[in-house]
Amino acid sequence: MELLYLQDWQFSLASHQDPWQHDFDDSAWQSVVVPHDWAVSQPFLPQNSSGTGYLPGGTGWYRTRFALPKATAQKLVFLNFDGVYKHSKVWCNGYYLGGRASGYSRGRYALSHCVHADKENVIAVQVSHEDIADSRWYTGSGIFRKVTVQVHDPVYIPQDSIVITSEPGDNGTATLLITGEALNMRSDEAGNVEIGLNVSLTEVSRQKVSIGTLAPSARKPFVIRVTIPCPQLWSPDTPFLYNVGLELSASNAHYVALPMRVGIRSICFDADKGFFLNGKALKLKGVCVHDDAGCLGGAVWADVWRRRLEKLKAMGCNAIRTSHNPHTPELYELCDELGFMVMEEAFDEWEGCKNKWFYGHNVYPPVHQGYYEDFPEWHERDLADMVIRGRNHPSIIAWSVGNEIDYPNDPYCHPLFKEMLGNNDKNKPKKEMLYSENSPNMEHLATIAAELVRIVKRHDNTRPVLAAAAFPELSSQIGFFDSFDIIGYNYKEQFYETDHQRFPQLPILGSENSHSLQAWKAVTDHEYISGQFLWTGIDFLGEAFGWPIRGSFAGLLDLAGNEKVGYYRRKILWQDAPQVYLVTGYAQERLRPELGEGLFRSWNYQPNAEVTVVCYTNLDELELFCNEVSYACQKRPANREYLLWKIPFMRGSLRVIGRAPNGDIVSDTLESTLPATQVRLHQWQADKAPLADYDGGKYRIAQIELDLLDEQNRLCVMETPLVTVSLAGAGILLGMENGNLADCDAYSSPHRATRWRHVFHGRLVIYALTERGNPEPLTLTATAEGFLPVKIHI
């Protein structure tokens, strides 16, 4: 099978007459690289929707060209889109192929009837995202995921038909069960085709299997069992993956399936004992993530995800919830490789429209746009596609069919409750809280839930199904949980004990949780709670509280993928190693050390200013020193993960000292910095050699980390100079991200090879595309105001 990546496209947001026609002149359009998100390159404006990050939508057109050799004339050709947001329509050489409503679902189109093997082919795509308040977070606009063309013989194995299941067996073995079907699309040929299959498994096993004859225009299922002696099991600590190869041979035909990696593992959610992986109890230490990345918008390359995931892994995280839609396929490949367990989520709304905030979070009136308009027609296909796409990933351990669908009076209500208030209903008018017989009845959700569970089980019965419930006070009484295998609660730890008694047969987990210590202790104090998923792991665009804040601060990493104070606090909660971490803040300001808010990794203040010093720790006792003078030894209360001192600022150094249980000294030091004197550039590299190049194609992304330092190489977190970046050579400067959600400067500039942005907390990250195999040197130059230019060769 041949795979062609379509990455170079022409793009326009203007209105045109029939741009889908083959000979339409697009030479004046903008040249872009797919994945591409047009909205994030537009200005942030307060008249746009706060819910989607104050960025516009619109209707855009994409066009690209590709050629196929003459040898492909008798082969099958398919065009694949991993995601187009949204309401896409696709043409090839003027032939209309169809479209998808959801931006998060795949699109696959047969091209054999309209593609040319001897001349240029043109793909045209219309993308319509006019309803910019269609979501409660930033979605992106455009062809924001990978596009490929597949070419193969007419006798083949459809990739989606392949299902691989595995379980550790007795006597130190494991069985791999591979099922699928072979197709013979040679409808114009007489006679049958004899089919043989070669199966390879990472130097462990090679098998040759005959599946018999296959008549023209027919399909035939196959089942292959592979026994693996002494299998290496997949887990977060040892995410071992076996390479599975399927090769089909027939007369005048040869087909090699796309390479697959599988992990051998068993999962169990026990109603009394919690979650088990490979027979061992394990708490899910999860985070929820949306799928944008600041200046890249929704067009997030695999290596950007890898950098973020490696940091979350180092924090102690072992699970990801894809809030609240299927994410880019590369994310699941990375979770397989890096050892993250995944709760894959399908929908944020079903047939009932949720409130979408346009004028600021919880600022009435809301706007009612979104996927609910497409749900009746598309939900079965969208849900089935999600399950089929993901069912061979060892990382995926559960399917969620909905997030907070049962949110009170949004829009569902019920006569059992005359008044209802949700967990996120600040400023809600009294009228909006009251029961109305004219509003949709929440009992109907149980019927839809049962249908969605049936769809999932039709395509995968090896994983449990759940929904993330927002108001179990009502939904648990009217049959909403009846079809689910697990109860997922959002911010409802107070019901864990009573509902464990009410539903003794159902496992419970926190599907969305706050960062509080109490929320985590609700997991550790109850054996039957499988784990939690924090809201969120990474800051994201949208769900903004009001201009000029254009996103959510809820993450442990900021938009640039840099660690926030809460990251180190969570690392102490989720890891057993003895740790201390110093941060500070002005004593008179509103600080929330229990959440890491209002605190900085800095010891630079006005002389004699009263400063709050916070040390996060899992040690029992610490002593604080300022310039070697002790400021008292404190014992940590059992219900707290930090100690706190208030002292006058004196330039110099802070040092905290404690002892680990084995007697080792554990310490942390924070020094006053001098004015910044230098800018340092560093190209990020993966911790380990990746198993595969998930981005593929012509381009690779480079991530350049910029630090602002003093003469002693200490990070200067309080200075914010403007940095201008330029790129020389065969590459494309995609953007700069500083992580500051109050920075409303546009991400784009009139010059494709130049960008600028202020440093935030001493850092920012720069994204550039390089061309594979291009020997031309690529040099990035960064110039900060008041500093000498610095260069890095990418």
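Note that the structure is predicted; figures quoted are calculated from it, not measured. (Residues numbered from 1 in each chain as written. Predicted model: local features only at pLDDT ≥ 70, side-chain atom pairs only at ≥ 80, totals over all residues. Heavy atoms only, no water.)

> How would you explain the overall build of the protein if you had to name every residue and give the values?
If you tally the helices and strands in the protein, you get nine helices and 47 strands. In summary, the protein has a C-alpha radius of gyration of 28 Å against a globular reference of 28 Å for 794 residues, a match within 12%. With the principal axes as the frame, the protein shows a C-alpha extent of 90 × 65 × 60 Å. Every one of the 794 residues in the protein was classed for burial, and the buried ones make up 60%. Once local pairs closer than 6 in sequence are excluded, the contacts in the protein between residues at least 24 apart make up 70%. With the model as given, the accessible surface of the protein reaches about 31200 Å², and the carbon-plus-sulfur share is 50%. For the protein, the distance from the average site of its 74 positive side-chain charges to the average site of its 95 negative ones is 2 Å. (Helix = DSSP H or I, 4+ residues; strand = E, 2+ residues; numbered from the N terminus. Rg over C-alpha atoms; globule rule 2.2 N^0.38 Å. Buried < 20%, exposed > 50% of the residue type's maximum accessible area, 1.4 Å probe, protein only. Contact = heavy atoms within 4.5 Å. Areas by Shrake-Rupley, 256 points an atom, 1.4 Å probe, with all protein chains shown as cover. Lys, Arg positive; Asp, Glu negative; His and termini not counted. Charge placed at Lys NZ, Arg CZ, Asp CG, Glu CD.)

> Requested: an account of the packing of aromatic side chains, with residues and values cited.
Geometrically, a pair of aromatic rings is defined through the distance of the ring centres and the angle of the planes. Tallied over the full model, the rule gives 37 aromatic pairs. Measuring from ring centre to ring centre gives 6.2 Å for Y371 and F375, while their planes differ by 80 degrees; the resulting arrangement is edge-to-face. Taking relative accessible area as the criterion, Y371 reaches 16% and is therefore assigned buried. Look at F375 and you get buried, because its relative accessible area is 4%. Aromatic side chains Y616 and Y642 sit 6.1 Å apart centroid to centroid with 70 degrees between the ring planes, which places their arrangement in the edge-to-face category. (Phe/Tyr/Trp six-rings, centres within 6.5 Å; stacked < 30°, edge-to-face > 60°.)

> Tell me about the nonpolar core, residues and numbers included.
One finds W9, L79, F81, I123, L312, I320 and W350 to be the most contacted residues of the largest nonpolar core, which totals 122 residues. Among the elements that line this core, the one with the most residues is helix α5 (residues 444-459), at seven residues. The residues touching W350, leaving out its near neighbours within four places in the chain, are Y372, F375, V401, G402, I405, L445, I448, A449, L452 and F480. By size, the runner-up hydrophobic cluster in this structure holds 29 residues, among which are I164, L246, L248 and Y255. (Core = buried A, V, L, I, M, F, W, Y, C linked by side-chain atoms within 4.5 Å.)

> Explain the sheet that holds strand β28 (residues 487-490) to me, and be specific about the residues and the numbers.
Spatially, eight strands are ordered β23-β24-β25-β26-β27-β28-β29-β30 in a closed barrel, and the strand pairing comes out parallel. When the angles between neighbouring strand axes are averaged without regard to direction, this sheet yields 25 degrees. For strand β24 (residues 319-322) and strand β25 (residues 341-345), the ladder comprises three bridges, and the chain directions are parallel. Within the sheet, the bridge partner assigned to R321 lies in β25 and is M343. Helix-sheet contacts for helix α3 (residues 375-390) involve β25 and β26 (396-403), and the interaxial angle to β26 is about 165 degrees. (Pairing = 2+ DSSP bridges. Axes fitted to C-alpha atoms, helices over the stretch in contact; angles between N-to-C directions.)

> I'd love a proper account of the side chain of R757, names of residues and values included.
Here R757 is to be found in strand β44 (residues 754-758). The class of R757 is buried, set by a relative accessible area of 3%. Only 3.4 Å separates the side chain of R757 from the backbone oxygen of A746, close enough to count as a polar contact. Beyond its immediate sequence surroundings of up to four residues, R757 is in contact with R550, P721, L722, V723, M736, N738, D743, D745, A746, Y747 and L764. (Polar contact = N/O pair within 3.5 Å; in protein donor to acceptor, adjacent residues only side chain to side chain.)

> Tell me about helix α1 (residues 302-315), residues and numbers included.
The periodicity of an α-helix, 3.6 residues per turn, causes residues three or four positions apart to be oriented the same way. For α1, which comprises 14 residues, the first-to-last C-alpha distance of 20 Å matches the rise-based estimate of 20 Å (1.5 Å per residue) to within 8%. Buried residues dominate α1, accounting for twelve of its 14 residues. Taken together, the buried positions of α1 are occupied by A302, D303, V304, W305, R306, R307, R308, L309, E310, K311, L312 and M315. Of the surrounding elements, those touching the buried residues of α1 are β23 (284-289), β24, α2 (329-338), α9 (565-574), β41 (699-709) and β45 (763-771). Of the residues trailing α1, G316 is marked for its positive phi of about 110 degrees. (Expected span 1.5 Å × (residues − 1).)

> Kindly report on the pattern of salt bridges, identifying the contributing residues and their values.
Counted according to the given criterion, the structure contains 47 salt bridges. A salt bridge links D668 to R601, with the nearest nitrogen and oxygen atoms 2.7 Å apart. Residue D668 is located in strand β39 (residues 665-671), and its partner R601 is located in the loop between β33 (580-586) and β34 (610-617); the two are separated by 67 residues in the primary sequence. Among the residues examined, D668 registers a relative accessible area of 11% and is labelled buried. Accessibility expressed as a relative area gives 27% for R601, which makes it partly exposed. We note a salt bridge from D620 to R636, for which the minimum N-O separation is 3.8 Å. (Salt bridge = Lys/Arg side-chain N within 4 Å of Asp/Glu carboxyl O.)

> Hey, could you go over the packing of α1 against α9 for me, with residue numbers and the actual values?
A pair of packed helices is characterised by two quantities: the angle between their axes and the separation of those axes. Remark: α1 packs on α9, axes separated minimally by 8 Å, with the N-to-C direction vectors making an angle of 50 degrees. The orientation of α1 with respect to α9, classified from their angle, is oblique. For the pair formed by α1 and α9, the contact residues are K311, A314 and M315 on the first element and Y567, R570, K571 and W574 on the second. Broken down by class, the residue content of the contact of α1 with α9 amounts to four nonpolar, no polar and three charged. (Parallel < 35°, antiparallel > 145°, perpendicular 65-115°, else oblique. Nonpolar A, V, L, I, M, F, W, Y, C, P; charged D, E, K, R; others polar.)

> Tell me what's going on with the environment of L338, and back it up with residues and numbers.
Within the secondary structure, L338 is located in helix α2. Placed 350 residues apart in sequence, L338 and K688 show a C-alpha to C-alpha distance of 9.8 Å. Look past the residues within four positions of L338 in its chain and what remains in contact with it is P236, P239, R306, L309, E310 and K313.

> Give a description of unusual backbone geometry that names residues and reports values.
The amide bond that connects V34 to the next residue, P35, takes the cis arrangement and shows omega of 15 degrees. Checked against the element boundaries, P35 lands in the loop between β3 (30-33) and β4 (58-66). A cis amide bond, omega 5 degrees, links Y364 with the succeeding residue P365. Inspection of the secondary structure puts P365 in the loop between β25 and α3. A positive phi angle, near 60 degrees, is found at Y491, a position not held by glycine.

> Give me the state of the cysteines: which residues, what numbers.
Tallying each qualifying case throughout the model produces zero disulfides. Residue C744 stays outside any disulfide, its sulfur separated by 15 Å from that of C295, the closest cysteine. The exposure class assigned to C744 is buried, which follows from its relative accessible area of 19%. (Disulfide = S-S within 2.5 Å.)

> Now, about the pairing of β25: what can you tell me, with residues and values included?
A large share of β25 lies buried, amounting to five of its five residues. Side chains M341, M343 and E345 project from β25 onto one buried face, and the interleaved V342 and E344 project onto a second face that is buried too. Of the crossover connections in this fold, the one passing from β24 over α2 to the parallel β25 is right-handed. Relative to β26, β25 runs parallel, the two sharing four bridges. Its bridge partner being in β26, E345 is matched across the sheet by S400. Handedness of the β25-α3-β26 crossover: right-handed. (Right-handed = clockwise from strand over helix to strand, strands pointing away.)

> Residues and numbers for the layout of surface pockets, please.
Estimated volume of the second largest pocket: approximately 1300 Å³. Around the second largest pocket sit 42 residues that line it, and R106, Q150, Q159, L258 and E333 are the ones nearest its centre. Within the residue set of the lining of the second largest pocket, elements represented by two or more residues are β1 (2-5), β5 (76-81), β8 (107-110), β10 (147-152), β19 (260-262), α2 and α3. Per-class residue counts for the lining of the second largest pocket are 18 nonpolar, nine polar and 15 charged. (1 Å grid on protein atoms, 1.4 Å probe; cavity = no way out; pocket = protein on both sides within 12 Å on 5 of 7 lines; lining within 4 Å. Points joined across faces, edges and corners; volume = space filled by probe spheres on them.)

> Quick one: what's the story with the sheet that holds β5, residue by residue and with numbers?
If you trace the four strands from one edge of the open sheet to the other, you get β1-β10-β5-β8, paired in antiparallel fashion. Each edge of the open sheet carries a strand with a single partner, namely β1 and β8. Between one strand axis and the next, the sheet turns through 20 degrees on average, direction left out of account. In this sheet, β8 lies alongside β5 in antiparallel orientation, the contact comprising four bridges. Looking at the pairing, F81 lines up with G107 of β8.

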